[in-house]
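Summary of the model geometry
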Amino acid sequence: TIGGLAVAAFLFITYVITPFFESEQEIRDKTEQGEILLKKYEKIINQKSEVEKNLAQMKRNLSKIKSKLLKGSTPSLAAAEMQKMLEKLSKVHDLELKSVKVKEAEKEGDFLVIPLELRLTTDLNRTRKFLTDLEKNQKYLIIPQLKISVKNQRDPKEVIVTIVVSGFFMDEGAKDKKDV
């Protein structure tokens, strides 16, 4: 009978008590993980207003940046916009525009850099004023190349200016396709 009781006790402990404690430990572990996850989500929810404020600030910054970029539905239209702007600026400063050449656009991060090569006949004073107005322009424009040569060695008043002006364009359509 003692042996039978010992076997019964062993089976009771092995198949009833041990699984009970294991399942209780498993329930405690899941509860602790749930509490940790709950605290994490509560922290995120508490930061909602700060995140929304940061998002609004980023949207304002993005709109400021977009206002400084060349506009157009394609890079060609953006280049045309920049060409019109430069032609208008050259007329303001009475510069003789000999040629305008659209060069190959280059990818720079999320932007396309659209360069235009201008060839002008002018004097140094008007060139300086033109470059100053380019610098003050509403759009982000850079001048990666500038070459000034004298038209006539004996009369160095007139110069030939070859200038590359680059503007920035963000192709929204390509960005949307990339995100998909």
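The text that follows walks through the structure, step by step, so that each part is easy to find. Starting from 1, residues in each chain are numbered consecutively following that chain's sequence as written. Since the coordinates come from a predicted model, pLDDT governs what is reported: local features require at least 70, and pairs of side-chain atoms require 80 or more to be given and counted, while whole-chain, interface and lining totals use all residues. Side-chain measures here rest on the full set of heavy atoms in the structure, leaving out hydrogens and waters.

1. Section: unusual backbone geometry
You will see that Asp-94, though not glycine, has its phi angle at about 55 degrees, which is positive. Secondary structure elements are defined from DSSP: runs of H or I of at least 4 residues count as helices, runs of E of at least 2 residues count as strands, and each element is numbered from the N terminus. If you trace the backbone, Asp-94 turns up in the loop between helix H3 (75–92) and strand S1 (96–102).

2. Here's the deal with the side chain of Thr-127
Its location among the elements puts Thr-127 in helix H4 (residues 124–136). The contact rule is simple, with two residues in contact once any of their heavy atoms fall within 4.5 Å. The contact partners of Thr-127, leaving out residues within four places of it in the chain, are Thr-122, Val-159 and Val-161.

3. Notes on the pattern of salt bridges
Salt bridges are identified by distance alone: a Lys or Arg side-chain nitrogen within 4 Å of an Asp or Glu carboxyl oxygen. On inspection of all chains with the given rule, the structure shows eight salt bridges. Residues Glu-52 and Lys-48 are paired through a salt bridge, measuring 3.9 Å at the closest nitrogen-oxygen approach. Here Lys-48 and Glu-52 lie together in helix H2 (residues 48–68), a separation of four residues that amounts to about one turn. Linked through salt bridges whose partners overlap, the residues forming this network are Asp-94, Asp-123 and Arg-126.

4. Quick notes on a nonpolar patch on the surface
Candidate patch residues must exceed 30% relative accessible area and have no salt bridge, after which like charges are joined if within 9 Å and Val, Leu, Ile, Met, Phe, Trp or Tyr side chains if within 5 Å. The accessible surface values rely on the Shrake-Rupley method and a 1.4 Å probe; as for residues, cover is taken only from the protein chains in view. A cluster of nonpolar side chains, namely Val-7, Phe-10, Leu-11, Phe-12, Ile-13, Tyr-15 and Val-16, defines an oily patch on the protein surface of about 730 Å² accessible area. Residue position: Leu-11 is located in helix H1 (residues 2–46). Since its relative accessible area comes to 39%, Leu-11 is described here as partly exposed. Whether a residue is buried, partly exposed or exposed follows from its accessible area with a 1.4 Å probe, protein chains only, as a fraction of its type maximum: under 20%, in between, or over 50%, in that order.

5. Describing the environment of Leu-131
Mapping Leu-131 onto the fold places it in helix H4. Judged by relative accessible area, which is 22%, Leu-131 ranks as partly exposed. On a C-alpha basis, the gap between Leu-131 and Leu-89 in space is 9.8 Å, while along the polypeptide they are 42 residues apart. With residues up to four places along the chain from it excluded, the contact list for Leu-131 reads Ile-143, Leu-146 and Ile-163.

6. Concerning the environment of Thr-121
Relative to the helices and strands, Thr-121 is located in strand S3 (residues 111–122). For Thr-121, a relative accessible area of 5% corresponds to the buried category. Sequence spacing of Thr-121 and Lys-98 is 23 residues, and the spatial spacing of their C-alpha atoms is 7.0 Å. Thr-121 has contacts with Leu-95, Glu-96, Lys-98, Lys-151, Glu-158 and Val-159, leaving out every residue within four places of it along the chain.

7. Quick notes on H1
Structurally, the α-helix is built with 3.6 residues per turn, so residues lying three or four positions apart point the same way. Relative to the 66 Å expected for 45 residues at 1.5 Å per residue, H1 spans 63 Å between its end C-alpha atoms, a close match to the ideal helical length. Of all the bends in H1, the greatest measures close to 35 degrees and is centred on Ile-13. Here the expected span of a helix is defined as 1.5 Å times the quantity of residues minus one. One fitted axis covers the seven residues ending at a residue, a second covers the seven starting there, and the bend at that residue is the angle between these axes.

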